[in-house]
Every structure is written in C-alpha cells, then in structure tokens.
Amino acid sequence: MSKDLNRLLRPKSIAVIGGGAWCQQVILQSERMGYAGQVWPVHPKASDIAGHTVFARLEDLPQAPDAVFIGINRHATIEAVQTLSAMGAGGAVCFASGFSEAVAEDDTGADLQEQLLAAAGDMPILGPNCYGFINALDGALLWPDQHGATPVDKGVAILTQSSNISINLTMQKRALPIAYMVTCGNMAQTSQAEIASALIDDPRVTAVGLHIEGFKDIRQWEALAAKAHAKGIPLIALKVGASEQAQAATVSHTASLAGSDAGAQALLERLGIPRLSALPDFLETLKLLHCYGPLPGGNIASISCSGGEASLIADMAIGTGLSFPQLTDDKKTQLRDALGPMVALNNPLDYHTYIWRDEGAMTRAWSGMTGDDIDLTFSIVDYPTTDPTDWTCASRAALKVRAETGARFAIAATLPELLPQDIAQDLMAGGVAPLMGLQEALSATRAAGQVKAPAEALVCLPGTIEATRTLTEAEAKSALEVCGLRVPQNRTVRGADEARAAASDMTAPFAIKGIGLAHKSEHGAVCLGVQVDDVADVAADIGTDEVLIEEMITGTVVELLIGVVRDPAHGFVLTLGAGGVLTEVLRDTASLLVPSTSDDIRAALAKLKIAPLLAGYRGQPAADMDAIITAIQAVQAYVMQNADTLGEVEINPLLCTPDTAVAVDALIRKA
C-alpha cells in the first residue's frame, strides 16, 4: 500500500468545484471548524461563493491544491479529475453517483468508472458516490452535509462505506473524540484498507474503527493489520453482509456448516481485529481503546452501591469470556478499612451506601478493586436526569482513583442515557473511561481484550477456475494420503469375485460403501462390521457398480469433521467440528483460514463442545491430539498444493483413537 494520501487527508489547500448548496457547505463547515489553510472555490460563472473569490477554471488556481471536493455531475467529474491529475493535485473526493453502483439501472456506469480511473492516474481519489471526510484535527472538512464533529487534539478514526451511518456516528453524544470520519464510497481506486493505512500514519490517531461491507484485497488488509500492530494502533471492525462464498455448487456438509460469514470472521480473527455487531458497542470499544489501548485480558472487577447491579453485571458477563477474579487478601484488607464490617466482600462488590458522599472512603474502596490482576475496573453509576448534583462525589472519586493508582478505571452506566455527555467529557479528560450502557461496556471490554498481533503467514488465496469434478472416495483418500493423511487399508472392486479377493487380503471386520454418491449414508450405501464370508453378498446389495471395501477402525474416542471450502472473498475456510452422521444436527464447529498453525488448530479444537471428549471425558481415554493435528495439517498441505483448482475438501469422519487419527471418508471437488 504505497499510495500517498497525506496531502488529501491533511491538506494545506482545499479546492471546491461546483457552486450548489453541497459545495457551499464544504467551505462553510471547514471555516467553522477553524481550518487555517487556503480555500479556493471553482465555478465558471459565479464570482463569489460563501464569501470567497471564485476561480473560473482549475488552471487559474495559484497552485495545485492538496485536496479537492468535486461536486459536479459524473461526466464533468471525469474531466475535472483528469485536469487535477495533470496539475499534480494531492487528491480528490468524487461526490457524484452513477458509476459502478448504478449498473443495475444504467449500464454506462461501469464504463464511466473505468474512464474515471484512467483520468485519475496516480492521483488518489475517494469514491465516487462518496461524502468525503472530516478531519477534526486540522479543521479540514471535505464534507457536504450535516455532522456533529467538534475540533479535537487527538482521537479515533472511523471509516465506512455508508454516508448515512457516518453522519449518524458523528452525532454521538458519548464523549468519544472523533479525529477522522471518512466515507469510502465505491472504492473504485482507493480502498478502505489503504485509507486506514494512511490514517494511522497520523500520530494523533489513537484507534481505528472500520465499518466493513466486504474485503476487496486480502493482501492489503494483511499489510494494514501488520502496520497497525507495529505502530501500536488498535483496529476494530463492524462487519456486515454476507461473503460471496459459492455455496450453490458445494456438495459437502462443510459448506452448510461454515455459512456465508465464517470466512469473514476467520479473516478478522487472523488479522487480530476484534469484531463488533452493533454501533453502540463499536463506539464504546473505540472509546475504551482511546483511553487505554488494548486490554491485556478479560479480568474485570465491578463495584456498585446496589446488590441488584452487582448481580446484573455478573449475569450479563456470562458467555462473554470476561471473568471476575476473587479478591486477594490485600484487596480485602483495603476494602475492609474503607467499608467497615457491614459489607460482604466479593467481586462484583455491593458496597451499599454507607460511604456515599465521603469521597476519601469512596476513593479507597474503589481503589481496592484495582490491581495488577484486574484489566479493567467498573464502578457502576447512573446519574439521575433530575438533579445529578449529589452524584458529583462519584465522579471525583473515580478521577482520584485514576490519578492515584494509574489503574484502568471506568464509570459504567447501566443505561446509556444516564451518563450525561458533560460528565462523560470530564471523566475522559481525567483519564476515566465513561462507558454508556452495561451491555455495551461488557462488549467493549471483551473486544478491547481481543486485539492481537496478526498471523505471520499470508492467507492462501484460491484460484478462479470452477470446480466441477468430484473425486471418488478412493481417489480422494489416495490424494490426501500422499500429503500425510492416514487412511484405512482399502480396495475398490467390481463384482463378487473382486470383493472376495479384496477381503482375503485385508483384516475383518470391513466397511463397505457405494462409490459415486456424495452422502452415502443417506442412500443406505454404507454397511459396517461386515465379516469375510458376507463381503460378496453385501457388496452386491449396496446398489452401485463399484464399491469400496476397507478395514474398520476400532477404539474410537471421538469423530471429527475436517472441511475446507473455497471462499472467493476470504480464502479457504478450514472448518473443524463434531463429525459423523450427526454433524449437521450438532453444528459444533470452529473456523480458521488456510494455512493455520498447529497452535491455532489446538485453540480452535479447544473451543468445541466436544473438546472434553478429546481430552478424555469422565475417565475415558483421550484422543491422540498430535495425530489429529497431523491429519489437519495434511489436509491443509493438499489445499495449498492445489489452491488454483480446488473447490472443497472434506474428511467426515476422522476417527480419533488414543493412538491415531484415521480418515474413513473423504471428498474432494476440484476443476
């Protein structure tokens, strides 16, 4: 990502092409925000726009502008972009619509977008069909509509393709300092990942929130994640929409289990980018990251003056991955000194109201819920909408805790509207995170603890050739065996004589399967536990011309599914889960992207509901985890060797015993 967006995003001069209300707003809003650079309106007929002298042509400008808002029709936009590129302008926002996003209504849109790209050359453009951006650090607003941004010295950056969502986010009253708001539009030339990469070059940006509709170039996202991690700038995502995973042509169980969104989730996890599912959670997470950066983990403490609130946060934290460590002896000593003998000491803690208004005692008690073993401490406080005067003691106590201990400390309101913006701003100024809404606070805490380094290995990218051929089970097993997968002794036969001969060369009992059916058990084409004398008759009854005879595996601890599906948007999705005939009933799976490390695979298997079976449940023997990892790595090896032509691979089941892991069914679909 070598595109230089510095002049565009942090301009010393702004040109505005067009004379309508939208263009006037760009000029007026930059002035209101205190923009100190040059502003040059461009219009062929007007003499004055928003109090500024107008230039009739771009060629008349004093110099090539750093940033340009192009507020004219789509055909004129292309001509303007070409002129600006030739002048050496820093970049442009293309406001006009009617390009590739309008192809369904106007078949000229795609052609016009190609013309726009050719006209731009190396000059960066945002859009088209783009609202532009707000730079609240320097007061530069190439933004034609209302907004709620205010000047800040440092803050978070937010990127979205949705202009309406971006407007709404600027209107937040949560004391979140927004340094940049950028809309990406069509991303015809400049991608969301490239914009984010440019924003984190500004040392005033503390965190970046990405509202993502889709990933265009995985390599750009990998580069962004690596750069952000190196700079210590956390990224979070609000990912919406379904991927372009081609499920219509799949024949495996894996496709239905992985789902259209599994690839996106696996990619974000691989990039170390936490995912949020709601805008309030998204904003609260950015706020927490702005205050403290990524949290070391998910150990939290809560203190409140109500048992109801203590119970509420304890219940709401279930399933979040957050935990409440037991109070240490030194914490109990400090709390007992501040609270006296009437309070039962627990985490979460109900400290009653004995010390309310005693700021010293409140500070000592709240400080007692911090420490090296606590990643974030909540003090639950709801400020009344009638008269919050009596609650100033809570604000002052929180600020003192932060000042005296340096601990990560948050005031959390159970309801978002019960933490007024002015109070939240005062808390933020003193280093206390004001979290609005208990559910939002817990989601933000969880996400802030999930920021991590991206995977070192690059995602294996799939080819574009359509996969239309399904290998037989024997062919699939043979191909995977070459890569290190263990399979049973087997023979493919036709007729009774070949069946008897095969049985005499192997050890009973046998599994006999029909060949040519994707889901053999659903067709009654699988027979297990067959003895030597019955092989010929069973093979004849299976119902297919060819049958597969193989030795059965005994001593199975658990059956696993290993599946890989080509996802054009995200790579190859590796699905691990409960296998066997109940795979789709249990729906117990975890998804990764190829290639994944052995450690990643172990962590994914540990998340499964059947993980206790793998470890040896209630005195039963444990599965051979090393053998399981070897089997999964063998499948990954096959995928990477055949990435250009592969559609999907599935092992179901992988029979896991105390000393081995054997694939007794395999499916491969490729070109």
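The following paragraphs examine the structure supplied in this document. Numbering of residues starts from 1 in each chain and follows the order in which that chain's sequence is written. Side-chain atom pairs in this predicted model are given and counted only at pLDDT of 80 or more, local residue features only at pLDDT of at least 70, and totals for whole chains, interfaces and linings cover all residues. Just so you know, side-chain values use all the structure's heavy atoms and leave hydrogens and water out.

### Comments concerning the side chain of Ser-596
- Elements are defined by DSSP. Helices are runs of H or I of four residues or more, strands are runs of E of two residues or more, and each kind is numbered from the N terminus. Examined against the element boundaries, Ser-596 turns out to sit in the loop between strand 27 (589–593) and helix 21 (598–606).
- Counted as a polar contact is a pair of N or O atoms within 3.5 Å, where, for protein atoms, one must be capable of donating a hydrogen and the other of accepting one, and residues adjacent in sequence contribute only when both atoms are in side chains. For Ser-596, the side chain forms a polar contact with the main-chain oxygen of Leu-593, separated by 2.6 Å.

### Side note on the packing of aromatic side chains
- Aromatic rings from Phe, Tyr and Trp, with only the six-membered ring used for Trp, were paired whenever their centres fell within 6.5 Å, and each pair was classed as stacked if the ring planes differed by under 30 degrees, edge-to-face if by over 60, and tilted otherwise. Across all of its chains, the model carries 9 aromatic pairs by this definition.
- Consider the rings of Trp-22 and Phe-95, whose centres lie 5.3 Å apart with planes at 55°: the pair is tilted. In this pair, Trp-22 is assigned in helix 2 (residues 21–32) and Phe-95 in the loop between strand 6 (92–94) and helix 4 (109–120), connecting sequence segments 73 residues apart.
- Given the relative accessible area of 41%, Trp-22 is considered partly exposed.
- Consider the rings of Phe-215 and Trp-221, whose centres lie 5.1 Å apart with planes at 80°: the pair is edge-to-face. When sorted by exposure, Phe-215 lands in the same class as Trp-221, which is buried.
- Each residue in the set Trp-22, Phe-69, Phe-95, Tyr-131 and Trp-143 is aromatic and connected to the rest through ring pairs, giving one cluster. A 1.4 Å probe rolled over the protein chains alone gives each residue an accessible area, and that area as a share of the maximum for its type sets the label: buried under 20%, exposed over 50%, partly exposed in between.

### Concerning the pairing of strand 15 (residues 300–304)
- Summarising burial for strand 15: 5 of the 5 residues are buried, a large majority.
- In strand 15, alternate side chains face the same way, and those of Ile-300, Ser-302 and Ser-304 on one face and Ala-301 and Ile-303 on the other are all buried.
- When DSSP finds two or more bridges between two strands, those strands count as paired. In this structure, strand 15 lies alongside strand 17 (residues 376–380), joined through 4 bridges in parallel fashion. Following the sheet pairing, Ala-301 is matched in strand 17 by Thr-377.

### Focus: empty space enclosed by the protein
- Here a cavity denotes grid points, spaced 1 Å and computed from the protein atoms alone, that fit a 1.4 Å probe unable to get out, and a pocket denotes an open set having protein on both sides within 12 Å along at least 5 of 7 lines; residues with an atom within 4 Å of a point are the lining. Grid points are joined across faces, edges and corners, and a volume is the space filled by probe spheres set on the points. In the structure shown here, the tally under the stated rule is 1 cavity of 30 Å³ or more.
- Computed from the structure, the largest cavity encloses a volume of approximately 30 Å³.
- If you list the elements that add at least two residues to the lining of the largest cavity, you get helix 6 (192–199) and helix 7 (218–231).
- Amino acids outside the nonpolar list (Ala, Val, Leu, Ile, Met, Phe, Trp, Tyr, Cys, Pro) and the charged list (Asp, Glu, Lys, Arg) are all regarded as polar, and Gly is one of them. A breakdown of the residues in the lining of the largest cavity according to their chemical character gives 3 nonpolar, 4 polar and 2 charged.

### Considerations on the environment of Ala-412
- Considering the arrangement of structural elements, one finds Ala-412 in strand 18 (residues 409–413).
- On the basis of relative accessibility, which here comes to 0%, the residue Ala-412 falls in the buried class.
- Sequence separation between Ala-412 and Gly-431 is 19 residues, and the spatial gap between their C-alpha atoms is 14 Å.

### Regarding a nonpolar patch on the surface
- On the surface, Val-581, Leu-582, Val-585 and Leu-586 cluster together into a nonpolar patch covering about 410 Å² of accessible area.
- With respect to the element layout, Leu-582 can be found in the loop between strand 26 (571–578) and helix 20 (583–586). Residues form patches when they are more than 30% accessible in relative terms and have no salt bridge. Like charges link within 9 Å. Nonpolar side chains (Val, Leu, Ile, Met, Phe, Trp, Tyr) link within 5 Å. Accessible areas in this description were obtained via Shrake-Rupley with a 1.4 Å probe; residue shielding takes into account the shown protein chains only. Salt bridges are defined as contacts in which a side-chain nitrogen from Lys or Arg sits within 4 Å of a carboxyl oxygen from Asp or Glu.

### Concerning helix 4
- By this rule the span expected of a helix is its residue count minus one, scaled by 1.5 Å. Its 12 residues place the ends of helix 4 17 Å apart at the C-alpha level, agreeing with the 16 Å of an ideal helix rising 1.5 Å per residue.
- All of the buried residues along helix 4 are Gly-109, Leu-112, Gln-113, Leu-116, Ala-119 and Ala-120. Each buried residue of helix 4 sits inside an arc of 120° when the element is viewed along its axis, so together they form one side. Turned more than 90 degrees away from the buried face of helix 4 sit Glu-114 and Ala-118, all of them exposed. When we speak of the arc, we mean the arc of directions from the helix axis to the C-beta atoms.

### Thoughts on the environment of Pro-62
- With respect to the helices and strands, Pro-62 occurs in the loop between strand 4 (52–53) and strand 5 (67–70).
- Considered as a pair, Pro-62 and Ala-96 are 34 residues apart in the sequence and their alpha carbons are 26 Å apart.
- Throughout, a contact is declared for two residues whenever any of their heavy atoms are within 4.5 Å. Aside from chain neighbours lying at most four places away, what touches Pro-62 is Trp-40 and Phe-55.

### Section: unusual backbone geometry
- With an omega dihedral of 5°, the bond running from Asn-347 to Pro-348 counts as a cis peptide bond.
- Examined against the element boundaries, Pro-348 turns out to sit in the loop between helix 12 (329–339) and strand 16 (349–350).
- For the bond from Ala-508 to Pro-509, the omega torsion is 0°, close enough to zero to count as cis.
- Relative to the helices and strands, Pro-509 resides in the loop between helix 18 (495–505) and strand 22 (510–514).
- Of note in the backbone geometry, Ala-50 takes a positive phi value of approximately 55° without being a glycine.
- Summarising the element assignment, Ala-50 is placed in the loop between strand 3 (48–49) and strand 4.
- The phi torsion at Ala-175 lies on the positive side, around 65°, for a residue other than glycine.
- Secondary-structure assignment places Ala-175 in the loop between helix 5 (163–170) and strand 11 (178–183).

### Focus on the sheet that holds strand 6
- Spatially, 5 strands are ordered 2-1-5-6-7 in an open sheet, and the strand pairing comes out parallel. Looking at which strands have only one partner, the edges of the open sheet turn out to be strand 2 (38–42) and strand 7 (125–126).
- Of the strand pairs in this sheet, strand 1 (residues 13–17) and strand 5 are connected by 4 bridges, and their pairing is parallel. Residue Ala-15 lies in a different strand from strand 5, and its bridge partner there is Val-68.

### What about the state of the cysteines?
- The disulfide definition used here is simple: a pair of cysteine sulfur atoms within 2.5 Å. Scanning all chains against the criterion turns up 0 disulfides.
- In this structure Cys-130 is a free cysteine whose sulfur lies 7.1 Å from that of Cys-184, the closest cysteine sulfur available.
- With no disulfide of its own, Cys-393 lies 9.3 Å from the sulfur of Cys-305, the closest cysteine sulfur.

### Points about the environment of Gln-439
- Examined against the element boundaries, Gln-439 turns out to sit in helix 16 (residues 438–448).
- Exposure remark for Gln-439: the relative accessible area of 39% places this residue in the partly exposed category.
- Separated by 16 residues in sequence, Gln-439 and Ile-423 place their C-alpha atoms 20 Å apart.

### Description of a negative patch on the surface
- Residues Asp-533, Asp-534, Asp-537 and Asp-541 make up a contiguous surface patch of negative charge.
- Looking at the secondary structure, you find Asp-541 in helix 19 (residues 535–541).
- Residue Asp-541 is classed as exposed on the basis of its relative accessible area, which comes to 67%. Counting rule for charge: Lys and Arg are taken as positive, Asp and Glu as negative, and neither His nor the chain ends is counted. Note that the charge is assigned to NZ on lysines, CZ on arginines, CG on aspartates and CD on glutamates.

### Considering the pattern of salt bridges
- Applying the stated criterion across every chain yields a total of 26 salt bridges.
- Measuring nitrogen to oxygen at the nearest pair gives 2.8 Å for the salt bridge that ties Arg-219 to Glu-222. Within this pair, Arg-219 and its partner Glu-222 are both found in helix 7, separated by 3 residues, close to a single helical turn.
- Classification of Arg-219 by relative accessible area gives partly exposed; the value is 31%.
- In this structure, the salt-bridge partner of Glu-550 is Lys-513, at a minimum N-O distance of 2.9 Å. Of the two residues, Glu-550 is situated in strand 24 (residues 547–551) and Lys-513 in strand 22; the sequence distance between them amounts to 37 residues.
- When its relative accessible area of 6% is taken as the criterion, Lys-513 is described as buried.
- Several salt bridges converge on common partners, so that one network encompasses Arg-10, Asp-138, Asp-202 and Arg-204.

### Re the pairing of strand 24
- Counting buried residues along strand 24, 5 of its 5 residues qualify, which places the element largely inside the surrounding structure.
- Burial along strand 24 is two-sided: Val-547, Ile-549 and Glu-551 facing one way and Leu-548 and Glu-550 facing the other are all buried.
- Relative to strand 24, strand 21 (residues 490–493) is paired through 4 bridges, and the arrangement is antiparallel. Across the sheet, residue Arg-491 finds its bridge partner in strand 24, namely Ile-549.
- In this sheet, strand 24 lies alongside strand 22 in antiparallel orientation, the contact comprising 5 bridges. When the sheet's bridge partners are listed, Gly-514 is paired in strand 24 with Val-547.

Functional significance is not addressed by these values, which are geometric in nature.
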